[in-house]
Amino acid sequence: MKTTIEQLEDKYLVTLDGELDTAAAAEVEKTLQPLYNSNGLDVIIDCTNLDYIASSGLRILISILKGAKASGSEVVLKNLNEDIQSVFKLTGFINLFKFE
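Criteria and thresholds
Residues numbered from 1 in each chain as written. Predicted model: local features only at pLDDT ≥ 70, side-chain atom pairs only at ≥ 80, totals over all residues. Heavy atoms only, no water. Helix = DSSP H or I, 4+ residues; strand = E, 2+ residues; numbered from the N terminus. Buried < 20%, exposed > 50% of the residue type's maximum accessible area, 1.4 Å probe, protein only. Pairing = 2+ DSSP bridges. Contact = heavy atoms within 4.5 Å. Axes fitted to C-alpha atoms, helices over the stretch in contact; angles between N-to-C directions. Core = buried A, V, L, I, M, F, W, Y, C linked by side-chain atoms within 4.5 Å.

Q: How do you make sense of the environment of Q85 when you look at a structure like this?
A: Looking at where Q85 falls in the secondary structure, it is placed in helix 3 (residues 82-91). Relative accessible area serves as the criterion here: at 32%, Q85 is assigned to the partly exposed category. Distance in space between the C-alpha atoms of Q85 and F99 is 9.8 Å, their sequence separation being 14 residues.

Here it is as structure tokens:
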């Protein structure tokens, strides 16, 4: 699993590449932990190359969302494939996030 964070002028751009399964979750969480306090910057998460997400990955995204909302920011998920969209629908998370 490859995870990158880029701080742009007014937002963070996160790229997730691979499978966010239980085995990868600890390292991804460590990488994304600074986003738990986004300091008022929106967080855009590009899922173009995300092939799979486990419940541990969903927990990481919820933690980012909680931190963003606390500082008045938004989290936007972009380019989810159909399988991952289905996971968000089944869990009800489709109602929590913004999607592009």
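Having seen the structure, we can now continue with the description.
Q: Any chance you could explain the sheet that holds strand 5 (residues 98-99) here in plain terms?
A: Strand pairing in a sheet relies on backbone hydrogen bonds. The paired strands run either parallel or antiparallel. The strand order across the open sheet formed by 5 strands is 1-2-3-4-5, and the pairing between neighbours is mixed. At either margin of the open sheet sits one strand with a lone partner, and together these are strand 1 (2-7) and strand 5. Pairing geometry for strand 1 and strand 2 (residues 11-20), over 6 bridges, is antiparallel. The partner of Q7 across the bridge, within strand 2, is Y12. Across the sheet, helix 1 (residues 22-32) touches strand 1 and strand 2, and the angle it forms with strand 2 is around 165 degrees. Across the sheet, helix 2 (residues 55-70) is in contact with strand 2, strand 3 (42-53) and strand 4 (75-78); its angle to strand 3 comes to roughly 175 degrees.

Q: How should I be thinking about the nonpolar core in this particular structure?
A: Generally speaking, nonpolar side chains in soluble globular proteins are found buried as a group. Judged by nonpolar contacts, the single largest core of 28 residues is most densely connected at L32, V43, I45, V75, F88 and F97. Examining the composition of this core, we find that 7 residues originate from one element, helix 2, more than from any other. Here V43 is in contact with Y12, V14, L35, S38, I64, E74, V75 and V76, once residues within four sequence places are set aside.

Function cannot be inferred from these measures alone, as they are strictly geometric.
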